[in-house]
Amino acid sequence: PLWNNRQLCGAPYFADPRHALLQPLNAVFLFFETPRAMALHAFLTLALMGFFFSLFMHSMNLRHLSAALGGMVYMCCGATAAAMSRPAYANALVWLPLLCCLVRESMLRPRAALTVAGGFVTAFLLLSGAPLLIALGVAAAFGYGLAALLFTQPEQGNGSRGAHRQWDRAGSLAGMFALGLLLSCVQWAPTAAWLRGLDAPGAFLTQFT
């Protein structure tokens, strides 16, 4: 799992983030041959996409039917169907709505449990294996959180606790991002070390489409 000797006269395998060796959703490829694993991965990711997007819609006070329809559209649209042949894209599309849901909930009712859960989901997104989509997804989710922090009010608590909610929200958002980066460093730290040794690291970083 660390080295691939079958291409480019030998190349790192684990250090290349596109292989997503530590992505939990890729575990099916450990136990089944590729065609069956691809089918199971597609079924699993589509089901989770619909469920997580419905949770996100429901967190915005939509009724159950509207939230379910939103989840169906998200999991059945053409772009999602096209991503099924590329597991890395499907992985990122699974975690993005769940991260947005946790970000929204933490901006309304900041709690340590939400911060920890958001940090793990951020790490799963960072480990999905689609670098460009990861960058866009993280920017979208935390940009959404920053907008909520600046332009919406949290649910007020009792007594002096309500006066500190804004700091709690900011700390929760920053904590999610920091915990996600810390957990995912098991992937990006070897990647950074590998890129430093390349003659033209920019050529690797700009080849993503």
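Above this note sits the structure.
From a predicted model like this one, the values you see are computed outputs, not experimental measurements. (Residues numbered from 1 in each chain as written. Predicted model: local features only at pLDDT ≥ 70, side-chain atom pairs only at ≥ 80, totals over all residues. Heavy atoms only, no water.)

### With respect to the overall build of the protein
Stage number 1. The secondary structure content of the protein amounts to eight helices and two strands.
Stage number 2. Counting from the amino terminus, the protein carries its helices and strands in the arrangement β-β-α-α-α-α-α-α-α-α.
Stage number 3. Counting all 209 residues of the protein, 42% fall into the buried class.
Stage number 4. Accessible surface, the protein as shown: approximately 11700 Å² in total, 70% of it carbon and sulfur. (Helix = DSSP H or I, 4+ residues; strand = E, 2+ residues; numbered from the N terminus. Buried < 20%, exposed > 50% of the residue type's maximum accessible area, 1.4 Å probe, protein only. Areas by Shrake-Rupley, 256 points an atom, 1.4 Å probe, with all protein chains shown as cover.)

### Some points on the state of the cysteines
Stage number 1. Inspection of the entire model under this criterion finds zero disulfides.
Stage number 2. No disulfide involves cysteine 77; its nearest neighbouring cysteine sulfur is the one of cysteine 76, lying 8.2 Å away.
Stage number 3. Judged by relative accessible area, which is 29%, cysteine 77 ranks as partly exposed. (Disulfide = S-S within 2.5 Å.)

### A closer look at the nonpolar core
Stage number 1. Residues Met49, Trp95, Leu99 and Phe142 are the most contacted members of the largest nonpolar core, which totals 34 residues.
Stage number 2. Sorting the residues of this core by element identifies helix 1 (34-59), helix 2 (64-76), helix 4 (87-108), helix 5 (112-126), helix 6 (131-151) and helix 7 (165-196) as the ones contributing at least two each.
Stage number 3. By residue number, the principal contributor to this core is helix 4, which donates twelve residues.
Stage number 4. With near-sequence residues (within four places) excluded, methionine 49 lies in contact with Tyr74, Met75, Thr80, Met84, Ala90, Leu93 and Val94. (Core = buried A, V, L, I, M, F, W, Y, C linked by side-chain atoms within 4.5 Å. Contact = heavy atoms within 4.5 Å.)

### Re the packing of aromatic side chains
Stage number 1. By the definition in use, this model includes seven aromatic pairs.
Stage number 2. Residues phenylalanine 56 and tyrosine 144 carry aromatic rings whose centres are separated by 5.9 Å and whose planes lie at 85 degrees to one another, so their mutual orientation is edge-to-face. Within this pair, whereas phenylalanine 56 is found in helix 1, its partner tyrosine 144 is found in helix 6, the two being separated by 88 residues in sequence.
Stage number 3. An aromatic cluster is present here, built from Phe51, Phe52, Trp95 and Phe124 joined pairwise through their rings. (Phe/Tyr/Trp six-rings, centres within 6.5 Å; stacked < 30°, edge-to-face > 60°.)

### As for the pattern of salt bridges
Stage number 1. Enumeration over the complete set of coordinates arrives at three salt bridges.
Stage number 2. Aspartate 16 serves as the salt-bridge partner of arginine 18, at 2.7 Å between the closest nitrogen and oxygen.
Stage number 3. Across the salt bridge formed by arginine 109 and glutamate 105, the nearest N and O atoms sit 2.3 Å from each other.
Stage number 4. For arginine 109, a relative accessible area of 27% gives the class partly exposed. (Salt bridge = Lys/Arg side-chain N within 4 Å of Asp/Glu carboxyl O.)

### Side note on the packing of helix 4 against helix 6
The description of two packed helices rests on the angle between their axes and on the distance between the axes.
Stage number 1. Interaxial distance between helix 4 and helix 6 falls to 10 Å at its minimum, and their mutual angle equals 10 degrees. The orientation of helix 4 with respect to helix 6, classified from their angle, is roughly parallel. Touching Tyr89, Ala92, Leu93, Leu96, Leu99, Cys100, Val103, Arg104 and Met107 of helix 4 are Leu133, Gly137, Ala141, Phe142, Tyr144, Gly145, Ala148 and Leu149, all from helix 6.
Stage number 2. Residue composition of the contact of helix 4 with helix 6, grouped by class: 14 nonpolar, two polar and one charged. (Axes fitted to C-alpha atoms, helices over the stretch in contact; angles between N-to-C directions. Parallel < 35°, antiparallel > 145°, perpendicular 65-115°, else oblique. Nonpolar A, V, L, I, M, F, W, Y, C, P; charged D, E, K, R; others polar.)

### Regarding a nonpolar patch on the surface
Stage number 1. Together, Leu30, Phe31, Phe32 and Leu40 make up a nonpolar patch on the protein surface, roughly 450 Å² of accessible area in all.
Stage number 2. Along the polypeptide, phenylalanine 32 turns up in the loop between strand 2 (11-12) and helix 1.
Stage number 3. Taking the relative accessible area as the measure of exposure, phenylalanine 32 reaches 36% and is therefore partly exposed. (Patch = residues over 30% accessible without salt bridge, like charges linked within 9 Å, V, L, I, M, F, W, Y side chains within 5 Å.)

### Some remarks on the side chain of threonine 80
Stage number 1. Assignment of secondary structure puts threonine 80 in helix 3 (residues 78-83).
Stage number 2. When near neighbours in sequence (up to four residues on either side) are disregarded, threonine 80 contacts Leu46, Met49, Tyr74 and Met75.

### Structural notes on unusual backbone geometry
Stage number 1. Positive phi, normally seen in glycine, also occurs at alanine 20, with a value near 50 degrees.
Stage number 2. Following the sequence through the fold, alanine 20 ends up in the loop between strand 2 and helix 1.

These figures come from the coordinates and say nothing about function on their own.
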